[in-house]
Amino acid sequence: MNIRIQLFSGFLILALAFLVVFYVNQRLYQEVLNNTNYLNNSETVIRNSNVLHKKIIEMQSGFRGFLLTGQESFLTSYSAGISSLPPLITEQRSLLSSPDQKKRLDSISTLHDQWMVYADSLILSKKDTLPEAEIRYKRLIDRKLKMEVGKKLNDMISTVFLYFDDEEYNLRQKRRAVLQQSIQSTKNISIILSVGVILLAFIAFLYFIKMITGRISQMANLADRISKGSFISMKYPKKDEFTKLVNSLNLMSETLDKNFKELKQKNKELDQFAYVVSHDLKAPLRGISNIVDWIEEDHENDITSPVGDMLHLIKGRTLRLENMINGLLEYAKIGRIKKGVEDVDLNTLIAEIKDMVVPTDVPIFIEDTLPVLKAQRIHLEQVFTNLIGNAIKYNKSNDPRIFIRSTDLGEYYQFSVEDNGPGIEERYFEKIFEIFQTLQERDAFESTGVGLAIVKKIIEDNKGTIRVESVIGKGSTFIFTWPKKLQNEKENTADRR
Amino acid sequence: MKKKILLIEDDYLDVESVKRALKKLNLDFEIEVAHNGVDGLSILTESPSGKNKSMPDVIILDINMPKMNGIEFLRIIKSYYSLKSIKIFILTTSAEEYDKLSTESLGVNGYILKPLNFKDEKSKATLALLTELLS
């Protein structure tokens, strides 16, 4: 599956989880709110019940006061009760949900109505000024008041109130407990859900991190191995955003592999070429010089001098050709043969070269001590051998001298090899470094024009430069630089690993 | 009886070089030349005109030849009992090639390095050995 789709689904699942949590919390909040309302409802019912009871009692005591004193002021509370009680009862009824409580309220209402009938009759009789009214009042007193009809009703009302309030207190107690309970469970459920969602998000996060980093490190491993030269391909069965990258890496690996193999093949071919040049081209050449030798050997006595001169020319040219082929081979070999890099003490090296190529009567003056270089010994040897060799070979002075100097230029050393030879014309300053270019006549077989080309190639392969300064009749100075740090040091460390 | 050498070499120049080098040893011997392995083998195995031809004492053998190269030639003659006693020297371009042949135990007694200028130590030693064998 696409990583994009996976990420999106992960996001959707999390969003859904958050929605669920939100919904559940909303529901729990609603429940708490309802329970609070229930509790408030009970509180109101209790308060209303108290007010109702108080008003009824006030009506009763007003009624009694009036009967005892006949003062109408006592009837204020009574008449207030008549007008205020019915709406109060209606309100209370609307607040009640329990049928038992409703029944109780109804019975209170009924009992109170009965009492009102009784009280009204007495009040009206008392107020009546007609003579028979007094008789009727007395009769009423005797039949009802003394029979405690009103008191009994009042007692019954009080008893019902007592039951009513008791029940409502109970209800309030229960509702309070339910509210407490719902608050607590809301808390618990909220915490559990939140922790759950956070955990889910964390797991999803870990999963994606692991998946993506895992795949990236697979790529990185592949790239790393390719960079270290093992051109393998990677199997990647999944189809996602990385597939293209893997395919590209695999393709790169294959291409590199192919190219490296081709390069190896080419190197082999070059070796083959070198072999062909050295063996197959040299063999007939040697054959020619052998034949010339044999002619000279066999016909020593009958060779005339012009023939002898020509034979000598043939021998010179073949030798020159052989030298050129050898030089060409040597030139082609530079940089292809990776010999070990070592610390090369130039003082020792120059001393060795001096022993090999410098006649004892030619002095070499070396200014100060020469440095020790990290390099392929053969390279430095070829450079100095050629330069010193040239300084002697072409030096026709009676008192040949060679000066070698070195200067520290920071990142580079600068070396110079100076002679007091014939010097070089300025127009040849560039040309002398080209292969097979020599300022000598063609028959000087020892000068093939390869030496300086080899020197230049070695120095440039090592990221140095070379030039010549010269004054005709005074001498030449070859100046070249050589880096202190080996250019391909990194590659070498990588190889050694 | 005159000692006999069989030189198997396809290149006339090399044949000439070997002949001249041997001549300088100032020894009395007979030399026969074959220009490839097949010719060399027929010289060794056939007796022309019924005469019992004497076997050569030494074979100087080139490795790179047309028709039958030196190695094939060696393998074949080593299977002949009558030819086993012949001393064999090979003409080779490198000591490595010789070493490779020696490890195959083909019974080679020495080698001469090409180019045939007889300036290297091994070729000189071989010439000395030949002097001993032919005198």
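From a predicted model like this one, the values you see are computed outputs, not experimental measurements.

Here we take up the packing of aromatic side chains. Each aromatic ring pair is characterised by the separation of its centres together with the angle its planes make. Residues and elements named next belong to chain A. This model, assessed by the stated rule, comprises eleven aromatic pairs over all chains. The interplanar angle of 65° and the centroid separation of 5.3 Å between the aromatic rings of Tyr207 and Phe208 together place this pair among those described as edge-to-face. What makes Tyr207 partly exposed here is its relative accessible area of 44%. When its relative accessible area of 13% is taken as the criterion, Phe208 is described as buried.

This brings us to unusual backbone geometry. Residue Asp368 of chain A is not a glycine yet carries a positive backbone phi of 60°. Residue placement: Asp368 of chain A occurs in the loop between β2 (364-366) and β3 (372-375). A positive phi is found at Lys67 of chain B, a non-glycine position, where the angle reads about 65°. In this fold, Lys67 of chain B is placed in the loop between β3 (58-62) and α3 (70-77). Look at Lys67 of chain B and you get exposed, because its relative accessible area is 68%.

This brings us to helix α9 (residues 377-393) of chain A. Between its first and last C-alpha atoms α9 of chain A spans 23 Å; for 17 residues at 1.5 Å apiece the expected length is 24 Å, and the two agree. For α9 of chain A, the complete set of buried residues consists of His379, Leu380, Gln382, Val383, Phe384, Asn386, Leu387, Ile388, Asn390, Ala391 and Ile392 of chain A.

For the rest of this paragraph, the subject is the pairing of strand β5 (residues 110-113) of chain B. Residue and element names in this part refer to chain B. Where burial is concerned, the two faces of β5 agree: the one with Gly110 and Ile112 and the one with Tyr111 and Leu113 are both buried. Here strand β4 (residues 87-92) pairs with β5 via four bridges, running parallel. Note on β5: the bridge partner recorded for Phe89 is Gly110.

This next bit is on the confidence of the model for chain A. The pLDDT averaged across chain A works out to 86; a share of 94% of its residues lies at or above 70. Counting contacts from residues 489-497 of chain A, a segment whose pLDDT is below 50, to residues more than four positions away or on other chains yields four contacts.

Looking now at the interface of chain A and chain B. Taken residue by residue, the interface counts nine residues in chain A and seven residues in chain B. Across the chain A-chain B interface, the total number found is two salt bridges. The salt bridge involving Glu297 of chain A is made with Arg20 of chain B; its shortest N-O contact spans 3.1 Å. Seen at the junction of chain A and chain B, the total is two residue pairs in polar contact (both at pLDDT 80 or more). Class assignment for the residues of the side of chain A that touches chain B results in three nonpolar, three polar and three charged.

Residue and element names in this part refer to chain B. The sheet built from five strands is open, its strands ordered β2-β1-β3-β4-β5 with parallel pairing. Edge positions in the sheet fall to β2 (29-34) and β5, since each of these pairs with one other strand and no more. Strand-to-strand twist across the sheet, computed as the mean angle between neighbouring axes with direction ignored, equals 20°. Where strand β1 (residues 3-8) and β2 come together, six bridges link them in parallel fashion. The partner of Ile5 across the bridge, within β2, is Ile31. Sheet contacts for helix α1 (residues 12-23): β1, β2, β3 and β4; angle to β2, the most-contacted strand, approximately 170°.

With that settled, consider the pattern of salt bridges. One pass over the full model with this rule turns up 27 salt bridges over all chains. The partner of Arg405 of chain A in a salt bridge is Glu367 of chain A, and the shortest N-O contact between them spans 3.0 Å. Pair noted here: Arg405 of chain A is in strand β4 (residues 402-408) and Glu367 of chain A is in the loop between β2 and β3, with a separation of 38 residues, a long-range link. With relative accessibility at 24%, the residue Arg405 of chain A sits in the partly exposed group. Close ionic contact of Glu469 of chain A with Arg467 of chain A constitutes a salt bridge, the shortest N to O distance being 2.5 Å. Exposure remark for Arg467 of chain A: the relative accessible area of 40% places this residue in the partly exposed category. In this structure, a network of salt bridges that share partners links the residues Glu297 and Asp298 of chain A together with Glu16 and Arg20 of chain B.

Looking now at the sheet that holds β2 of chain A. Note on sheets: strands pair through backbone hydrogen bonds, and any given pair is parallel or antiparallel. All names here are of chain A. The strand order across the open sheet built from five strands is β2-β4-β5-β7-β6, with neighbouring strands paired in mixed fashion. The sheet terminates laterally at β2 and β6 (466-471), the two strands that pair on one side only. For this sheet, the mean angle separating the axes of adjacent strands, direction not counted, is 15°. Sheet analysis places strand β5 (residues 412-419) next to strand β7 (residues 475-483), joined by seven bridges and oriented antiparallel. Following the sheet pairing, Tyr412 is matched in β7 by Pro483. Packing of α9 onto the sheet brings it into contact with β2, β4, β5 and β7, and relative to β7 it is tilted by some 170°.

Rules behind the numbers
- Residues numbered from 1 in each chain as written.
- Chains lettered and ligands numbered in written order.
- Predicted model: local features only at pLDDT ≥ 70, side-chain atom pairs only at ≥ 80, totals over all residues.
- Heavy atoms only, no water.
- Phe/Tyr/Trp six-rings, centres within 6.5 Å; stacked < 30°, edge-to-face > 60°.
- Buried < 20%, exposed > 50% of the residue type's maximum accessible area, 1.4 Å probe, protein only.
- Helix = DSSP H or I, 4+ residues; strand = E, 2+ residues; numbered from the N terminus.
- Expected span 1.5 Å × (residues − 1).
- Pairing = 2+ DSSP bridges.
- pLDDT = per-residue confidence, 0-100.
- Contact = heavy atoms within 4.5 Å.
- Salt bridge = Lys/Arg side-chain N within 4 Å of Asp/Glu carboxyl O.
- Polar contact = N/O pair within 3.5 Å; in protein donor to acceptor, adjacent residues only side chain to side chain.
- Nonpolar A, V, L, I, M, F, W, Y, C, P; charged D, E, K, R; others polar.
- Axes fitted to C-alpha atoms, helices over the stretch in contact; angles between N-to-C directions.

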